[in-house]
Amino acid sequence: MTTYKAGKYDVIVVGAGHAGCEAALACARMGLKTVVFTINLDSIALMPCNPAIGGPAKGHLVREVDALGGEMAVNTDKSLIQMKMLNTKKGPAVRALRAQTDKRIYQDSMKLTLERQDNLDVKQAEVVEIIVKNGKVQGVVTRTGAVFEGKAVIITTGVYLKSRIIIGEVNFSGGPSGLFPANRLSECLKGFGFELGRFKTDTSPRIDIRSIDFSKMTIQYGDEKIIPFSFTTPHIEIEQVPCWLTYTTEETKNIILDNIGRSPLFKGDIKGKGPRYCPSIEDKVVRFMDKPRHQVFIEPEGRTTTEIYVQGMNTSLPEDIQVKMIRTIPGLENAEIMRAGYGIEYDYIVPTQLKPNLETKTINGLFTAGQINGTSGYEEAAAQGIIAGINAALYVKGEEPLLLDRSDAYIGVLIDDLITKGIKEPYRMLTSRAEYRLILRQDNADLRLTEKGYRLGLIDEERYKKFLKKKEMIETELQRLTETKLTPTEEIQEKLTDELGSSPLKEPSNLIELLRRPEIKYDSLKVFDYDTQHELPREAKEQVEIQVKYKGYIEKQTNQISQFKRMESRKLPKDIDYDKIKGLRTEARENLKKVMPDSIGQASRISGVNPADISILLIYLEQQKRIRSAEDDK
Amino acid sequence: MSETDTIAAISTPLGEAGICIVRISGRDALNIAGEIFHAPKRKSIHEIPSRTINYGKIVDPLSGQAVDEVLLSVMKAPFTYTREDIVEINCHGGISASKKVLELVLEKGARLAEPGEFTKRAFLNGRIDLSQAEAVMDLISAKTDTALTLALSQLEGGLSKKIHLIMESLLSILANIEAVIDFPEEDIDEITTQQIIDTIGKSIEDIKGLLETSDTGKIIKEGLNTVIIGKPNVGKSSLLNALLDEKRAIVTNIPGTTRDIIEEFINIKGIPLKIVDTAGIRETEDIIERIGVEKTKEFLHKADLVLIMLDAADELTKEDILIMELVNDKRSIILINKSDLPQKLDEDEVYKMAGTNPVLKISVLENLGIDDLKQQIADMFFKGEIEQKGSVIITNIRHQDLLKKALNNLKDAENAVSLGMPLDLITIDIKEAYYKLGEIIGETVGDTIIDEIFSRFCVGK
Ligand SMILES: Nc1nc2c(ncn2[C@@H]2O[C@H](COP(=O)(O)OP(=O)(O)OP(=O)(O)O)[C@@H](O)[C@H]2O)c(=O)[nH]1
Ligand SMILES: [Mg+2]
């Protein structure tokens, strides 16, 4: 094939899904000349699965991306059609936003954001080859022969690597939503010696809203008062669109079981491992045979389309069965399918081959992010995207990488899990994966990360000033609550018992102590407040309340974190030869060689590495240190 | 696993010497010891000069009761083995007292040292030179292996089963809570506060039950029941003394010296034994001796391991045969003692009678074969040929320590539930308890909660 020199960039991003968009924006915003390639310009920020963003842990990720200066939350706020705060009664750590968006608007506004971004070019092309020289990335080649030079390359190709679509007996090479797969790139990566795995996932049929009988379903509204996703969105006033809830029936189950022989999943046509948390309906029916019915959520895909997403009915069953099956659901008796559900199998890069900055261990300047790393979900992709973008930029600038650890952010948990533990199924973020989740709340993501975003150049001055102001307000208010003392006068006791349903004071105490009582909310402190000028903004109030109410638990977790940090700070040399360390057990040695952990802390999380192995590593480190200092003395 | 906390352990292998030393090393060593050590004239521990031996009492601050009379020495950093402050408490009251002292030290904030950890610190703090680094690593892996195998074999029995059960019920509420949290819109039956309280309450009771068996009073019961048996004058008491390394039992050349049962605790290669010296068995008219013999039979009944002693310098007697028949169904080791003397015993006959039981030739007098005997006991134990009978007993301070911590976590959780704290906070304590229990049985609990969620609940859409 004839090739031609098409341009020079600092960073090349391959793929413009949720990871690619964040990566490209981060690089460009950090001042690097960046290009992002997509197989189809109309598929930027595509949501091939359901039109929702957020939920527990996922919503946390979105907030973190936002706190660092990413785009996902802003874009969600722009395209919002319904918002809900979930888990409001289950505690501060696990509250989470979940948004329904208008898919079209989501895509269009993200596309426009990319197009308007300084330093960023957006191009349609299929990248088929990565150019590598002397273990260092040099650029990419497109299918049409254009050669782009780049100092760093970020691959964010999602599920497109060697993807295959499966609908019953029909299967063909193809990407989601009728797009092209990326076959040659997969071969190219294999050629570099990367270990690839194969996963599958599936999606549900879309039906026409005009064919639905909503009277048989339960309507589900959004929150009355919308809390925006982005810390930068002041408030959102929109007419929200409802969703509906219905259920599968005994008949649905029978149809599936009668045709299970035609299921590619059960016939063995699908070999990739699918996720346990997002099973297809045929999987759910078989695995939980006793369950009489399964939930089905009807979610509009947008305001300007009649397409409806049927959440809960992911399937790769043959099309004729899909039609029959859907029509057994109350309200969907006459449903017209507009797009059939399908299964998709794709290659992913085994993520233990990555460093914590998401650069590949073997090729300098080559980064990967998103579903290519074996994760699932838009939010997980965006989270990796922004980190890969930031680190590619730092790599080009020759600066130290941005590494978030398990106590900094869900993003840190996500990346550490991927590169340390490896994965056996598409990885989805869950709050239960985070051991310090009371610290990693969605409400304090800015307090945790915005400083970092500012220093990287991703947060502008104006936003930073607002952020500092908020911090100051919280501090001042905490101070004031400490200093405001109440003495047990009759008036006060009465207020406590009668107005607040609490118990009387035994001794003088301050407002902090009162707020710590479970039955007393921040807002109810008003009855004691003679100085009413303190009307704090919602976000600041929330911080004060959480920090005071859960102080004991927060301290507990902070202590756990300092233990954790101590182990993370003991770095392991990059050139360590585990074969030379006597006393390690074989399993530990093999896994250490595979992961090549950064620190003693990371090593301790590798499966098969036990405390004795860690002791041996510590001693080995000390031994090496002394050998070096002895040599230095000479 | 950090080098900044304070560690403690019984540093003389249990029972191998008459005196047990509880050694504490680290920043808080003095403070911790100070809280439980009462010197005469109320001298503070900080006034004690380094490297002097000081008489005093260890007092349980809660009950105010003296646990043991001890000799305590303080060694100030950096001129110590670990280059940290070290306090050594020499306990007089034997194993149970030293265990109690260690327990108090742990309660006051020290952490139980890992195998080889004092040496590890010595190395890390520059006390041991480079050439010894590998030896230290060997030590750690070897010690850990024994400790681990030991812990595991101890756990084969009831303890691990009980802990598994507690963990299972905690796991089931954790998985339920986490499923509800991570999949809020699924139709999962939400766990009720009552269910949580019930499960936690039950687990608290179970752990308390386990801990009760480890109270000092009952520690006496720990260890493999090992009975030395043989005709009078074969050297039973001598063997007991040799194993104990002290003159515990009276030894004379008069047959029938030992009239009553003598029990002692020793630790052989990490295995705790309760060793019983018995009155020699013979047909007798002497009433007192008769009672002794009856008791011997009783002890035999409870024995986990029997050491049958024969006299090399004598022919196989009726009594010997009677004894071998008596212990027929027991796992035993046959010891041919006095092998320093000219042999009269017909070995072939002994082997024939021994069947699958091992036969060892020893001389207690010349200290020959005693190590072989110890090795033999350890081998049989690790192969699972000998095991402990009866109820679950927490013999291991590490286990006890972890159980106590788990108990406290669960009490915190219980308290939080009753205060109406939200679910996400309650799980912090329950998880902590769950991990502590997992540590006891050496199980990595990594993703078990998540696995449990997916196997029990149909979640995800
Ligand atoms: N030559 C020799 N003498 C031994 C050996 N072991 C013990 N003896 C002697 O045998 C005598 C009896 O020893 P004990 O230990 O009192 O025997 P025992 O079995 O406890 O005797 P009873 O308590 O009377 O049943 C003592 O004089 C010991 O010194 C040995 O290995 N060789
Ligand atoms: Mg005797």
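Our subject in this report is the structure included herewith. Computed from a prediction, not measured in an experiment: that's the story for all the values here. (Residues numbered from 1 in each chain as written. Chains lettered and ligands numbered in written order. Predicted model: local features only at pLDDT ≥ 70, side-chain atom pairs only at ≥ 80, totals over all residues. Heavy atoms only, no water.)

So, the overall build of chain B
- When its secondary structure is counted, chain B shows 15 helices and 13 strands.
- Considering chain B as a whole, with its 461 residues, one finds that 54% of them fall into the buried category.
- Restricting to contacts in chain B with at least 6 residues of sequence separation, those with at least 24 account for 69%.
- If you sum the accessible surface of chain B, you get close to 20400 Å²; carbon and sulfur atoms cover 50% of it. (Helix = DSSP H or I, 4+ residues; strand = E, 2+ residues; numbered from the N terminus. Buried < 20%, exposed > 50% of the residue type's maximum accessible area, 1.4 Å probe, protein only. Contact = heavy atoms within 4.5 Å. Areas by Shrake-Rupley, 256 points an atom, 1.4 Å probe, with all protein chains shown as cover.)

Brief notes about the overall build of chain A
- Scanning chain A from terminus to terminus reveals 20 helices and 22 strands.
- Radius of gyration (C-alpha) of chain A: 27 Å, near the 26 Å computed for a compact globule of 634 residues.
- Expressed as lengths along the three principal axes of its C-alpha atoms, the size of chain A is roughly 90 × 85 × 50 Å.
- Scored against the burial criterion, the 634 residues of chain A give a buried share of 61%.
- Once local pairs closer than 6 in sequence are excluded, the contacts in chain A between residues at least 24 apart make up 73%.
- If you sum the accessible surface of chain A, you get close to 25400 Å²; carbon and sulfur atoms cover 50% of it.
- Here chain A carries 93 positive and 90 negative side-chain charges, and the mean point of each set is 4 Å from the other. (Rg over C-alpha atoms; globule rule 2.2 N^0.38 Å. Lys, Arg positive; Asp, Glu negative; His and termini not counted. Charge placed at Lys NZ, Arg CZ, Asp CG, Glu CD.)

Focus: the sheet that holds strand 2 (residues 20-25) of chain B
Residues and elements named next belong to chain B.
- Spatially, seven strands are ordered 3-4-5-6-2-1-7 in an open sheet, and the strand pairing comes out mixed. On the outer flanks of this sheet lie strand 3 (37-38) and strand 7 (111-112), each paired with one strand and no other.
- In this structure, strand 4 (residues 53-59) lies alongside strand 5 (residues 66-75), joined through seven bridges in antiparallel fashion. Bridge pairing in strand 5 links Y55 to L71.
- Along the sheet, helix 3 (residues 117-124) makes contact with strand 1 (7-10), strand 2 and strand 7, crossing strand 1 at roughly 135°. (Pairing = 2+ DSSP bridges. Axes fitted to C-alpha atoms, helices over the stretch in contact; angles between N-to-C directions.)

Observations regarding the sheet that holds strand 15 (residues 243-247) of chain A
Residues and elements named next belong to chain A.
- Strand order in the open sheet formed by six strands is 14-15-16-17-13-18, with antiparallel pairing between adjacent strands. For this open sheet the edge positions go to strand 14 (218-220) and strand 18 (337-339), each flanked by a neighbour on one side alone. Taking each pair of neighbouring strands and ignoring which way they run, the sheet shows an average axis angle of 35°.
- Inspection of the sheet shows strand 13 (residues 206-208) paired to strand 17 (residues 307-311) by three bridges, in the antiparallel sense. When the sheet's bridge partners are listed, I207 is paired in strand 17 with I308.

Section: the site of ligand 1
Residue and element names in this part refer to chain B.
- Among the 23 residues in the neighbourhood of ligand 1, the closest are listed as S238, G256, T257, T258 and D340.
- The side chain of S363 places a nitrogen or oxygen atom 3.2 Å from an oxygen atom of ligand 1.
- The leading source of residues in the shell around ligand 1 is helix 8 (residues 236-244), at three residues.
- Its residues placed into classes, the shell around ligand 1 shows eight nonpolar, 12 polar and three charged. (Near = heavy atom within 4 Å. Polar contact = N/O pair within 3.5 Å; in protein donor to acceptor, adjacent residues only side chain to side chain. Nonpolar A, V, L, I, M, F, W, Y, C, P; charged D, E, K, R; others polar.)

Things to note about unusual backbone geometry
All names here are of chain B.
- Look at the link from A77 to P78: it is a cis peptide, with omega at 0°.
- Here R51, not a glycine, exhibits a phi torsion of approximately 60°, which is positive.
- Relative to the assigned elements, R51 resides in the loop between strand 3 and strand 4.
- Phi is positive for R83, close to 65°, though the residue is something other than glycine.
- On the secondary structure map, R83 appears in the loop between strand 5 and strand 6 (86-91).

Focus on helix 1 (residues 18-29) of chain A
Residue and element names in this part refer to chain A.
- For helix 1, with 12 residues, the first-to-last C-alpha span of 17 Å sits near the 16 Å given by 1.5 Å per residue.
- Here helix 1 lies mainly inside the structure; 11 of its 12 residues are buried.
- Among all positions of helix 1, only H18, A19, G20, C21, E22, A23, A24, L25, A26, C27 and A28 are buried.
- G31 lies just past helix 1 and shows a positive phi near 90°. (Expected span 1.5 Å × (residues − 1).)

Things to note about the pairing of strand 9 (residues 146-155) of chain A
Residue and element names in this part refer to chain A.
- When you tally the buried positions in strand 9, you get eight out of 10 residues, the bulk of the element.
- Pairing of strand 1 (residues 4-14) with strand 9 involves nine bridges; the strand directions are parallel. In the sheet register, Y9 faces strand 9, and the bridge partner there is G150.
- In terms of strand pairing, strand 8 (residues 136-142) meets strand 9 through three bridges, oriented antiparallel. Directly across from V140, in strand 9, lies its bridge partner F148.
- Remark: three residues form the turn of the hairpin made by strand 8 and strand 9, two consecutive strands paired antiparallel; G145 in that turn has positive phi of roughly 95°.
- Pairing geometry for strand 9 and strand 20 (residues 366-368), over three bridges, is parallel. Following the sheet pairing, I154 is matched in strand 20 by F367.

What about the side chain of S407 of chain A?
Residues and elements named next belong to chain A.
- You can see S407 is positioned in the loop between helix 10 (378-397) and helix 11 (410-421).
- The class for S407 is buried, based on a relative accessible area of 8%.
- In this structure the side chain of S407 is engaged in a polar contact, spanning 3.3 Å, whose partner is the side chain of K565.
- Apart from the residues lying within four places of it in its own chain, the contact partners of S407 are Y436, L440, I561, F564 and K565.

Some remarks on the environment of P508 of chain A
Residues and elements named next belong to chain A.
- Following the sequence through the fold, P508 ends up in the loop between helix 14 (490-499) and strand 22 (509-510).
- Accessibility expressed as a relative area gives 51% for P508, which makes it exposed.
- The spatial distance from the C-alpha of P508 to the C-alpha of T232 is 41 Å, given a sequence separation of 276 residues.
- Setting aside anything within four residues of it in sequence, one finds P508 in contact with L486, T487 and P488.

Remarks on the pattern of salt bridges
Residue and element names in this part refer to chain A.
- Within the structure shown, the criterion is met by 67 salt bridges over all chains.
- Between E307 and R339 there is a salt bridge whose closest N-O contact spans 2.8 Å. Separated by 32 residues along the polypeptide, E307 in strand 17 and R339 in strand 18 bring together distant segments of the chain.
- E307 sits in the buried class, given a relative accessible area of 12%.
- The structure contains a network of salt bridges with shared partners spanning R406, D416, D417, K421, E435, E568 and R605. (Salt bridge = Lys/Arg side-chain N within 4 Å of Asp/Glu carboxyl O.)

Examining the nonpolar core
Residues and elements named next belong to chain A.
- Membership of the largest hydrophobic core comes to 112 residues, with the highest contact counts inside it found for I130 and I411.
- Among the elements that take part in this core, helix 10 stands out by supplying 11 residues, more than any other.
- Residues in contact with I411, not counting those within four places in the same chain, are L61, E64, V65, L68, A383, I387 and L404. (Core = buried A, V, L, I, M, F, W, Y, C linked by side-chain atoms within 4.5 Å.)

A closer look at the pairing of strand 15 of chain A
All names here are of chain A.
- In terms of burial, strand 15 is a largely internal element, five of the five residues being buried.
- Alternating positions in strand 15 separate into two faces, C243, L245 and Y247 on one and W244 and T246 on the other, with burial throughout.
- As judged from the three bridges shared by strand 14 and strand 15, these two strands associate in the antiparallel manner. Along strand 15, the bridge assignment pairs T218 with L245.
- Two strands pair when backbone bridges link them, and strand 15 and strand 16 (residues 295-300) are joined in this way by four bridges, in the antiparallel orientation.

Some details on the side chain of E64 of chain A
Residue and element names in this part refer to chain A.
- Along the chain, E64 turns up in helix 2 (residues 58-67).
- Note on E64: relative accessible area 0%, which makes it buried.
- In terms of polar contacts, E64 uses its side chain to reach the side chain of R448, at 2.8 Å.

Remarks on a negative patch on the surface
- A contiguous patch of negative charge on the surface is contributed by E490, E494, D498 and E499 of chain A.
- With respect to the helices and strands, E494 of chain A occurs in helix 14. (Patch = residues over 30% accessible without salt bridge, like charges linked within 9 Å, V, L, I, M, F, W, Y side chains within 5 Å.)

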